[in-house]
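Structural overview for review
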Amino acid sequence: MGEDTFRRPSWDEYFLGLMDEVGKRATCDRGRSGCIVVRDKQIVCTGYVGSPPGFPHCDEEGHLMKEVVDEDGTSRMHCMRTIHAEQNAICQAAKHGIPLKGSTLYCKMEPCRVCAMLIISVGITKVIAKKKIPCSSRNPRHVPAGRRRIGRG
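Report on the accompanying structure.

Once that is clear, we can look at the side chain of N88. Structurally, N88 is set in helix 3 (residues 85–95). Once residues lying within four places of it in the same chain are set aside, the contact partners of N88 are T46, G47, Y48 and I83.

Before going further, it helps to spend a moment on the pairing of strand 2 (residues 42–48). Here 6 bridges tie strand 1 (residues 34–39) to strand 2, and the two strands are oriented antiparallel to one another. Within strand 2, the position partnered with R39 by the bridge is Q42. Count of turn residues in the strand 1/strand 2 antiparallel hairpin: 2 residues, of which D40 carries a positive phi of about 55 degrees.

A few words on the pattern of salt bridges. The tally for this structure, following the rule as stated, stands at 5 salt bridges. Across the salt bridge formed by D20 and K130, the nearest N and O atoms sit 2.3 Å from each other. One end of the pair, D20, is in helix 1 (residues 11–23); the other, K130, is in strand 6 (residues 126–131), and 110 residues separate them in sequence. Take D20: its relative accessible area is 31%, and that puts it in the partly exposed class.

What follows is about unusual backbone geometry. The residue D40 is not glycine, and still its phi comes out positive at about 55 degrees. Secondary-structure assignment places D40 in the loop between strand 1 and strand 2. A residue is classified by how much of its surface remains accessible, and D40, at 70% relative accessible area, is exposed.

The rules we used
Residues numbered from 1 in each chain as written. Predicted model: local features only at pLDDT ≥ 70, side-chain atom pairs only at ≥ 80, totals over all residues. Heavy atoms only, no water. Helix = DSSP H or I, 4+ residues; strand = E, 2+ residues; numbered from the N terminus. Contact = heavy atoms within 4.5 Å. Pairing = 2+ DSSP bridges. Salt bridge = Lys/Arg side-chain N within 4 Å of Asp/Glu carboxyl O. Buried < 20%, exposed > 50% of the residue type's maximum accessible area, 1.4 Å probe, protein only.

Here you go:
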């Protein structure tokens, strides 16, 4: 086989690529990311960073910044106008009556603590994050980066 031989992506590579595409709909330039929730190799819902329906977007009206202090005392600025891609996907599933128990969530960065708690609460059993975030408050022990099982399934 030559160098130009086609290599079919794994399922994880495939869904991470689609997750990147979903993220192009994001409306906050501080976090243009997407999320896909999959069960049995089928997409059940998607989400991206953006304001709730009917509210102004960062791309339209600018950021709504707030200082956030992490558990270790470090502070950072966070845009409060938008909801995270994971939250958006979970809301879409709830809005349309789609159960998420036993599904896998694909996201750009490790979920924050709030997203992690929501992920566990709705029964998502695996998170595949493209990037690990070194900040301690974004790296809760129960949701490490990469291909991991979470919660009790």
